[in-house]
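Given next are the chains, with one letter for each unit.
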Amino acid sequence: MSLLRAVGRPMLASMFVAGGLESVRNPEAVVPVAEPVVRPVAERVAVLPDRTEQTVRLNGAVQVVAGLLLAAGRVPRTAALALAVTLVPTTLAGHRFWEEDDTSQRVQQRIHFLKNLAMLGGLLITADDTGAAPSLLWRGRHTARELRRDARLVRHAARAGARPAAVAARVRAELPG
């Protein structure tokens, strides 16, 4: 792993681990802000808990686990994708700058919204980062191509060996017994 990945992943993950722990420990602080986003999503996604407090805790737990995995470099692409998924509702619930009447609050919320948007971009880049190793898709295609080539070689070898065998069988059949 490169030095940039070794340093950058824990730095990116730190915000999620800290924020996720706070959401798990103290979801009541976030419930009023999260309610307008959680309700419509929970109605459409059956696996989410009915109570906003439980959904906030679940979101926080996913952030803690995925953040720790990302920081440790374990399944970093999956962890980054999980964090990206949790960041969208968190941002939409917590930083609704367009609803703020106070100018200074609107500016602060817009800054936080854009910060989260930047973190989302970093997570998406991380989710796509193969660490200079070929992706699973590339490996699968490459393996399939090699298997097709090997099958073609076997077919050609079988045909090449079959022709002399057929000729020898005909000659043997014509020979007096």
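Residues numbered from 1 in each chain as written. Predicted model: local features only at pLDDT ≥ 70, side-chain atom pairs only at ≥ 80, totals over all residues. Heavy atoms only, no water.

J.: Sorry, what's going on with the overall build of the protein chain here?
T.: Helix and strand counts for the protein chain come out as six helices and zero strands. Element order for the protein chain, N to C, with α for helix and β for strand: α-α-α-α-α-α. Its C-alpha atoms give the protein chain a radius of gyration of 29 Å, more than 25% over the compact-globule value 16 Å for 177 residues. For the protein chain, the C-alpha atoms occupy an extent of roughly 105 × 40 × 30 Å along the three principal directions. Across the protein chain, every contact between residues at least 6 apart in sequence was considered, and the portion connecting residues at least 24 apart equals 64%. Total accessible area computed for the protein chain in this model is approximately 11,800 Å², and 64% of it derives from carbon and sulfur atoms. Once the 24 positive and 15 negative side-chain charges of the protein chain are each reduced to a mean point, those two points are 17 Å apart. (Helix = DSSP H or I, 4+ residues; strand = E, 2+ residues; numbered from the N terminus. Rg over C-alpha atoms; globule rule 2.2 N^0.38 Å. Contact = heavy atoms within 4.5 Å. Areas by Shrake-Rupley, 256 points an atom, 1.4 Å probe, with all protein chains shown as cover. Lys, Arg positive; Asp, Glu negative; His and termini not counted. Charge placed at Lys NZ, Arg CZ, Asp CG, Glu CD.)

J.: Before we go on, may I ask you to explain the packing of aromatic side chains in this structure?
T.: The relation between two aromatic rings is expressed through the spacing of the ring centres and the mutual angle of the planes. One pass over the full model with this rule turns up three aromatic pairs. With 5.3 Å between their ring centres and 70° between their planes, F97 and F113 make a pair best called edge-to-face. With F97 in the loop between α4 (76–94) and α5 (103–128) and F113 in helix α5, the pair connects residues that are 16 residues apart, well separated along the chain. Like F97, the residue F113 is buried in the burial classification. Where W98 meets F113, the ring centres are 5.9 Å apart and the plane angle is 90°; that geometry is what we call edge-to-face. (Phe/Tyr/Trp six-rings, centres within 6.5 Å; stacked < 30°, edge-to-face > 60°. Buried < 20%, exposed > 50% of the residue type's maximum accessible area, 1.4 Å probe, protein only.)

J.: Before we go on, may I ask you to explain the confidence of the model for the protein chain in this structure?
T.: It should be kept in mind that the predicted coordinates are not to be read in detail where pLDDT is low. Within the protein chain, residue pLDDT values average 91, and 99% of them lie at 70 or more. For the protein chain, helix α6 (residues 136–174) is the element with the lowest average pLDDT, namely 87, and helix α3 (residues 52–72) is the one with the highest, namely 96. (pLDDT = per-residue confidence, 0-100.)

J.: Even after reading the chapter, I still don't get the packing of α4 against α5, so can you show me in this structure?
T.: Helix packing for two helices is described by the angle between their axes and how far apart those axes are. Two elements in contact, α4 and α5, have axes whose closest approach is 8 Å; the angle formed by their N-to-C orientations is 160°. As the angle between them shows, α4 and α5 are arranged roughly antiparallel. Classified by chirality, the crossing of α5 by α4 is left-handed. Residue-level inspection shows P76, R77, A80, L81, L83, A84, L87, V88, T91, L92 and G94 of α4 in contact with α5, the latter providing Q109, F113, N116, M119, L120, L123, L124, T126, A127 and D128. Taken together, the residues of the contact of α4 with α5 break down into 14 nonpolar, five polar and two charged. (Axes fitted to C-alpha atoms, helices over the stretch in contact; angles between N-to-C directions. Parallel < 35°, antiparallel > 145°, perpendicular 65-115°, else oblique. Left-handed = near helix turned anticlockwise from the far one by under 90°. Nonpolar A, V, L, I, M, F, W, Y, C, P; charged D, E, K, R; others polar.)

J.: What is the right way to look at helix α2 (residues 31–44) in this model?
T.: Side chains that are three or four residues apart share a direction in an α-helix, a result of its 3.6 residues per turn. In a regular helix each residue adds 1.5 Å, so 14 residues correspond to 20 Å; α2 covers 19 Å between its end C-alpha atoms and thus fits that length. Roughly 40° is the biggest bend found in α2, and it falls at V37, with proline P40 one to four residues downstream. Buried within α2 are the following residues: V31, A34, V37, V38 and A42. Close packing links the buried residues of α2 with α3 and α4. (Expected span 1.5 Å × (residues − 1). Bend = angle between axes of the 7 residues up to and from the residue.)

J.: Help me out: how do you make sense of the packing of helix α1 (residues 3–25) against α5 in this one?
T.: Two numbers describe how α1 lies on α5: the axes approach to 11 Å, and their chain directions differ by 125°. One way to sum up the angle between α1 and α5 is to call them oblique. Judged by the twist between their axes, the crossing of α1 over α5 is left-handed. Touching L12, M15 and F16 of α1 are K115, M119, G122, L123 and T126, all from α5. Tallied by class, residues from the contact of α1 with α5 come to five nonpolar, two polar and one charged.

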